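Descriptive analysis of the structure
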Amino acid sequence: MLGNGEVVGKLETSWDALFDHGNEPFDISLPPVQGVQPSLTLKAAVLHPCDNHGSALVDSIVESEIARETDAGHERFATYVTSKMVSHLNDAVQHFQLVLDQCAVGHPDRAGALTNLARARLEGYIRNDLQDIDCITSLFREALALRPQGHPDHPLYLYHLTEALNWRHDYQHTAADICESAQLYYELLPLCPEDTHLRSVVAEENGVDYVIRECNKLPIDASDEGIHLRRVILELCPLSNERRLNALDKLTWALRSRFEQCGSIDDLDECIQCNRETVSLCSQEHSEHSICLNNLATSLQDRFKNQGKHHDLNEAISLFEEALRLYPVGDEFHNFILNNMGETLVTCFKQHGDLNDINRAISLHREALTLRPPGNLYRDYTLNNLANALKSRYDKLDASEDLNEAIDLFRDSLQLRPCGHPEHHAALFNLSMVLCSRFTQTQKNEDVEEAVRLCQESLEALPSLHPKKYFSYMWLQEAYLSRYRVQGKSADLSLAVENFRLASRHPTQGFPGRILIAWNWIDAAERHSDPSTLEAYTTFFDLLDRHLASRSSAISRREAATAFRGAQSLPVDAASRAIHCDDLQRAVELLEQGRGQQWSLASRLRTPLEDLQSTNPNLADNFSELSKCLSKTQGPAVSTDRAAADLAETQYRKLTEQWGAVVAEIRNLKGFSRFLLPPLYEDLQAAARHGPVIILVASQYSCSAIIVPTSGEPHHVPLASITLTDLQSLKDRFARAIRESSRMKPKESRTDLIVLLQTIWEEIMLPIVNILEHVLELKRQSRIWLCPTAAFTSIPLHAAHPFQTKADRSKEPCLEDLYICSYTPTLSALIRCRQLMKKRIPPSFVAIGQGQPRTGKSKELLAVDSEIELVRKLVPATVNRATISGDAATRAGALQALQDNNWVHLACHGKQDREQPYNSHFVMKDEPITLLDIMEKDIPHAEFAFLSACHTTVGDEETPDEVIHLAAGLQFSGFKSVIGTLWEVDDAVAKHVVKAFYENMFKDLEDGDVMDCTKAAWALNRATHSVKTKVPLEQRMVFIHVGV
């Protein structure tokens, strides 16, 4: 490479000394420069003229001339540097230009020639002796292009270009130059090893520090390019760099600005990560510590509004409290914190309804307003926040003085936010909101007309995808709906529905807000019998499904679902509406979509892929691999390290996006357009392949049953004589009757229980049986499946009994005399079990018993050991069988046994946790086996489980997924056929049922026959009949069959 014009040392030697090295290259050491030892590699040779090599001679002469001109240029340039005489610079430039003219395109030394000329000119530009900086920069660019990535000189040439860009920025203040320089440094630094001369030059104050400093002076740019620059600058600032704090701050504001414009949760997550690092870099003694706390708290509050994660809201309040303590009263930033804290308390009030929160919020906003008199730059924000707080209190207490004051404050805020103000749109729809509320109260038309006009103006003020446009749609529908309720014009209802539709589908708003607007749409459509009602239900279920899918664990998904209090009734209400519209197939589809979402979300990652594998193996493998990655990232653990938890959530969401992209590809394949979409009726009917499925719908609007037959249309069975209130009463009466029966002697008559079972027969099951017998002509002892919803899930439908005698003194048959009853939590669960039945392996049976859990865990079960021994004896000797009991029946041992065996009998305490169903568990010697433990197991070869434990099929009352229970968990993990219990089991009498069950299960099983888990429902039916004289009624009813 040609030299770069730096004098690093002088050397004198003789020709003889040079030629002593012969034809071999040799190194010459020079004095150290800035701690670096430079060296020069030389090779000396004598050229002899020869007629046959004339062209070679010419080339050598040219090369010698290039070298002489280059040396002359460097000599003149060095003289210019010391003398500052422009004539020497001009001479140097002339020499270097001559060299460049002789180094045509393709010449190996052209890059060096370009650089020598550019560096000389740059020095002249720096000293104001030359002005052609654009030409200089172009020379450096051309040189860099000749030294691409991978070339040993590439780092040096990158540095040369940054120098030119930095100087042009310094003189001309061109943002593009400093931005490009930052990008080049981002590429350069990793190529400069520590302790090298180039690294020391790059790290100088005029190097990377200059670039960081100048970039941090640039205004915030929320474009993709602007945010990329901020990320680059942050990368250039190591943790020890004093400018990192400023770089973090600039990046967070850019991300926050883009989030406010576009609504991307990824931007807000990254913003929070940066906020957390900023707080960690600012100790309590740091002057900006409280500002950092405030910024983190504000971002967390925004994420709560977007995502609905309660830990974000709690952390935000805590951070604001700390920031308020640290900042002195009277400081302008103290006012910011007062405002932000007040806004967060309003959010908290909307969540929990605690008046202390809203009263304190109003107090904080009033204090802030006194500190921001007319003329203060931020007075409009405080006016707006105080008005919002007063409106929230009005919604709770209906105090008209709060509403009137809010209207006045919003009007004042609008005056301070005229057209062109960045918050003009918010001032418009906020005023519209309170005027609409006053119209509802006073019915003065001018209020609602102004409300409509203001919202329309706010819509016009915003681009189509702006996140805040959601609020304009929301308040515009409220204005139209309010006017419809007073004036009764159908056009207003249509306009309200259209704005419900637009708000719920607005893609840049977070799911919680869109879910709530869809819920309000359902309410309005139901109240006014609007044709859009079923669309509103479907929208709600779709949004909730997508919201839950963004959560990385089963517990966080349930927390997200329970945040929508009262929504557990929506699936049955949707079905009731579809039934009212004579669309039974849609009723079945909506029930399936709305219920069991927790299971369907989890089971997506365990979808059988045989058909896809044969159609597109690469796509199948990609889907399978991503599903495994998602499964591994899911977990129940609650992290106390919020930064780590945030990072994990972000990684999970990005994985989910990749997984979703693959799913979209699969749906483009022929025959896979419905892949993982909510199933249609024709798909769901597969659940009734071996017998009808009876779905029992308990809605506030009506109670009824839908019978899904093996083929043909579903049948509707109105249960006109029973209401949801009746079912709730029946459920409570059953709970009392069961408790009372458990205290009775075995031979005592269970009168209350008998009366209740008669009620079930007459009011619920008899109308269904009539259809089964006379319409479907179902033969006796055929299989039927019960799929109860809502209040029906707590009622023992299978035990329905007339307790009557016919004229010939024979007894009227009960439900279990007529049919073999099974339950299924959802139709999809039954279909999935049948799909997994295609692959079967030789049976292996394990009996697990734990009657003596660790002291203080539960009472001792004295009959467990004898039950386990009984089961062992009843299992055919030809089957691979094992028992685990006593000290060996630990959590780890039992879980391993579940994994290793496909037939399981479990005798122990079972506990249903109604507050957190995923913590429901089986009690072992050391630690319990929770529902989550079971769900994490994927045992596709598993077949049968007998849960001789309490409360194994009692579900969750807080979400639409009432079917979250232990038996359903085992079914999800792979067990196709499960015997579970509805309430507490008496282990002393349960063994009679167990004995009779296994005797029937393995009856007539000869050598070579395969154990069949599909016989379980029949075997349980026979067992409960055969032990009538030994086992009390409530202990016979307690066992139910779930699955195939």
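Here the structure is a predicted model, which means the values were calculated and not measured. (Residues numbered from 1 in each chain as written. Predicted model: local features only at pLDDT ≥ 70, side-chain atom pairs only at ≥ 80, totals over all residues. Heavy atoms only, no water.)

Tallying secondary structure elements over the protein chain gives 43 helices and 16 strands in all. Here the protein chain has a C-alpha radius of gyration of 39 Å; the compact-globule value for 1044 residues is 31 Å, and the former is much larger. Residues counted as buried form 54% of the 1044 residues belonging to the protein chain. Restricting to contacts in the protein chain with at least 6 residues of sequence separation, those with at least 24 account for 69%. In the protein chain, which carries 107 positive and 142 negative side-chain charges, the distance between the mean positions of the two groups comes to 9 Å. (Helix = DSSP H or I, 4+ residues; strand = E, 2+ residues; numbered from the N terminus. Rg over C-alpha atoms; globule rule 2.2 N^0.38 Å. Buried < 20%, exposed > 50% of the residue type's maximum accessible area, 1.4 Å probe, protein only. Contact = heavy atoms within 4.5 Å. Lys, Arg positive; Asp, Glu negative; His and termini not counted. Charge placed at Lys NZ, Arg CZ, Asp CG, Glu CD.)

Taken as a whole and assessed by the stated rule, the structure comprises 45 salt bridges. Between Arg-505 and Glu-535 there is a salt bridge, with the nearest N and O atoms lying 2.8 Å from each other. Here Glu-535 lies in helix α24 (residues 533–549) and Arg-505 lies in the loop between α22 (490–504) and α23 (511–527), a separation of 30 residues in the sequence. A network of salt bridges, in which partner residues are shared, links Arg-411, Glu-450, Arg-453 and Glu-457. (Salt bridge = Lys/Arg side-chain N within 4 Å of Asp/Glu carboxyl O.)

Moving on, we get to the environment of Ser-614. With respect to the helices and strands, the residue Ser-614 is situated in helix α29 (residues 610–615). Classification of Ser-614 as exposed rests on a relative accessible area of 62%. A polar atom in the side chain of Ser-614 sits 2.8 Å from the backbone oxygen of Asp-611. (Polar contact = N/O pair within 3.5 Å; in protein donor to acceptor, adjacent residues only side chain to side chain.)

Once that is clear, we can look at the packing of helix α4 (residues 110–126) against helix α5 (residues 133–145). Packed helices, taken two at a time, are described by their axes: the angle between them and the distance between them. Their axes nearest at 8 Å, the elements α4 and α5 cross at an angle of 155°. Relative to α5, the element α4 is oriented roughly antiparallel. Like other packed secondary-structure pairs, α4 and α5 cross with a definite hand, here left-handed. Residue-level inspection shows Arg-110, Ala-111, Leu-114, Thr-115, Leu-117, Ala-118, Arg-119, Arg-121, Leu-122 and Tyr-125 of α4 in contact with α5, the latter providing Ile-133, Cys-135, Ile-136, Leu-139, Phe-140, Glu-142 and Ala-143. Tallied by class, residues from the contact of α4 with α5 come to 12 nonpolar, one polar and four charged. (Axes fitted to C-alpha atoms, helices over the stretch in contact; angles between N-to-C directions. Parallel < 35°, antiparallel > 145°, perpendicular 65-115°, else oblique. Left-handed = near helix turned anticlockwise from the far one by under 90°. Nonpolar A, V, L, I, M, F, W, Y, C, P; charged D, E, K, R; others polar.)

Moving on: helix α7 (residues 175–188). Compared with an ideal rise of 1.5 Å per residue, which puts 14 residues at 20 Å, α7 spans 20 Å between its outermost C-alpha atoms and is within 8% of the ideal. All buried positions along α7 are accounted for by Asp-177, Ile-178, Ser-181, Ala-182, Leu-184, Tyr-185 and Leu-188. Take α7 and look down its axis: the buried residues cluster within an arc of 165°, on one side only. Against the buried residues of α7 lie α6 (154–172), α8 (197–202), α9 (208–217) and α10 (224–236). (Expected span 1.5 Å × (residues − 1). Arc of directions from axis to C-beta.)

Right, let's talk about the nonpolar core for a bit. Counting 202 residues, the largest nonpolar core has Ile-764 and Phe-997 as the members making the most contacts within it. Per-element tally for this core: the top contributor is helix α34 (residues 751–774), with 11 residues. If near-sequence neighbours (up to four positions away) are discounted, Phe-997 is found in contact with Phe-944, Phe-946, Ile-979, Ala-1016, Ala-1019, Leu-1020 and Ala-1023. Listed in part, the 61 residues of the second largest apolar core include Leu-100, Cys-103, Tyr-185 and Ile-233. (Core = buried A, V, L, I, M, F, W, Y, C linked by side-chain atoms within 4.5 Å.)

Our next topic: the environment of Leu-570. Secondary-structure assignment places Leu-570 in helix α26 (residues 570–580). On the accessibility criterion, Leu-570 (4% relative accessible area) is buried. In this structure, the C-alpha to C-alpha distance between Leu-570 and Ile-522, residues 48 residues apart in sequence, is 9.0 Å.

Within strand β16 (residues 1039–1043), five of the five residues are buried, which leaves the element mostly enclosed by the surrounding structure. As paired elements, strand β15 (residues 977–981) and β16 share five bridges and run antiparallel to each other. Looking across to β16, one finds that Ser-977 is bridged to Gly-1043. (Pairing = 2+ DSSP bridges.)

The next thing to look at is the environment of Ile-133. Inspection of the secondary structure assignment puts Ile-133 in helix α5. The spacing of Ile-133 and Lys-976 is 843 residues in sequence and 77 Å in space, taken between C-alpha atoms. Beyond its immediate stretch of four places on either side in the chain, Ile-133 contacts Leu-122, Tyr-125, Ala-164, Arg-168 and Gln-172.

Here the distance between the centres and the angle between the planes together describe a pair of aromatic rings. For the coordinates displayed, the defined rule picks out 22 aromatic pairs. Relative to Tyr-381, the ring of Tyr-378 lies with its centre 6.4 Å away and its plane at 45°, an arrangement referred to as tilted. Among the aromatic side chains, those forming a connected cluster through ring pairs are Phe-845, Trp-903, Phe-944, Phe-946, Phe-997, Tyr-998, Phe-1002 and Phe-1039. Above the ring of Tyr-157, the side-chain terminus of Arg-147 is found at 5.8 Å from the ring centroid. The ring of Trp-785 has Arg-834 sitting right over it, with the charged end atom 5.0 Å from the ring centre. (Phe/Tyr/Trp six-rings, centres within 6.5 Å; stacked < 30°, edge-to-face > 60°. Lys NZ or Arg CZ within 6 Å of the ring centre and 35° of its normal.)

In this section: the sheet that holds strand β11 (residues 910–911). On the basis of which strands lie adjacent, the open sheet formed by three strands has the order β11-β12-β13 and antiparallel pairing. On the outer flanks of this sheet lie β11 and β13 (929–930), each paired with one strand and no other. Sheet topology places β11 next to strand β12 (residues 921–922); two bridges connect them, and they run antiparallel. Looking across to β12, one finds that Lys-911 is bridged to His-921.

Quick look at the packing of α22 against α23 now. The interhelical angle for the contact between α22 and α23, taken along N-to-C directions, is 160°, at an axis separation of 8 Å. Judged on the interaxial angle alone, α23 and α22 are roughly antiparallel. Along this stretch, α22 crosses α23, giving a crossing that reads as left-handed. On α23, the residues that touch Val-497, Phe-500, Arg-501, Ala-503 and Ser-504 of α22 are Arg-514, Ile-517, Ala-518, Asn-520, Trp-521 and Ala-524. Along the lines of polarity and charge, the residues of the contact of α22 with α23 split into seven nonpolar, two polar and two charged.

On to unusual backbone geometry, then. A positive phi angle, close to 60°, is found at Gln-443, a residue other than glycine. Tracing the chain through its elements places Gln-443 in the loop between α19 (424–442) and α20 (445–460). Judged by its relative accessible area of 48%, Gln-443 is partly exposed. At Phe-803, a residue that is not glycine, the phi angle is positive and equals roughly 45°. The topology assignment puts Phe-803 in the loop between β6 (782–788) and α35 (815–818). A relative accessible area of 31% places Phe-803 in the partly exposed class.

With that settled, consider the confidence of the model for the protein chain. Confidence along the protein chain averages 87 in pLDDT terms, with 92% of residues attaining 70 or more. Segment residues 1–5 is flagged for pLDDT under 50; beyond a separation of four residues in sequence, or across chains, it makes 19 contacts in the model. (pLDDT = per-residue confidence, 0-100.)

Attention now moves to the side chain of Gln-685. On the secondary structure map, Gln-685 appears in the loop between α32 (681–684) and β3 (693–698). Here Gly-712 takes part through its backbone oxygen, which lies 2.8 Å from a polar atom of the side chain of Gln-685. Beyond its immediate sequence surroundings of up to four residues, Gln-685 is in contact with Val-708, Pro-709, Thr-710, Ser-711 and Gly-712.

Counted under the stated rule, the structure contains zero disulfides. Free cysteine: Cys-814, not disulfide-bonded; nearest cysteine sulfur from Cys-821 at 8.5 Å. (Disulfide = S-S within 2.5 Å.)

This part covers the side chain of His-154. Relative to the helices and strands, His-154 is located in helix α6. Relative accessible area serves as the criterion here: at 6%, His-154 is assigned to the buried category. In this structure the side chain of His-154 is engaged in a polar contact, spanning 3.5 Å, whose partner is the backbone oxygen of Pro-148. Apart from the residues lying within four places of it in its own chain, the contact partners of His-154 are Leu-144, Arg-147, Pro-148, Gln-149, Glu-187 and Leu-191.

Okay, the pairing of strand β14 (residues 944–948) next. In terms of residue burial, β14 counts as a mostly covered element, since five of its five residues are buried. Burial of the side chains of β14 extends over both faces: Phe-944, Phe-946 and Ser-948 are buried on one face and Ala-945 and Leu-947 on the other. Inspection of the sheet shows β14 paired to β15 by three bridges, in the parallel sense. Residue pairing for β15: Phe-944 is matched across the bridge by Ser-977.

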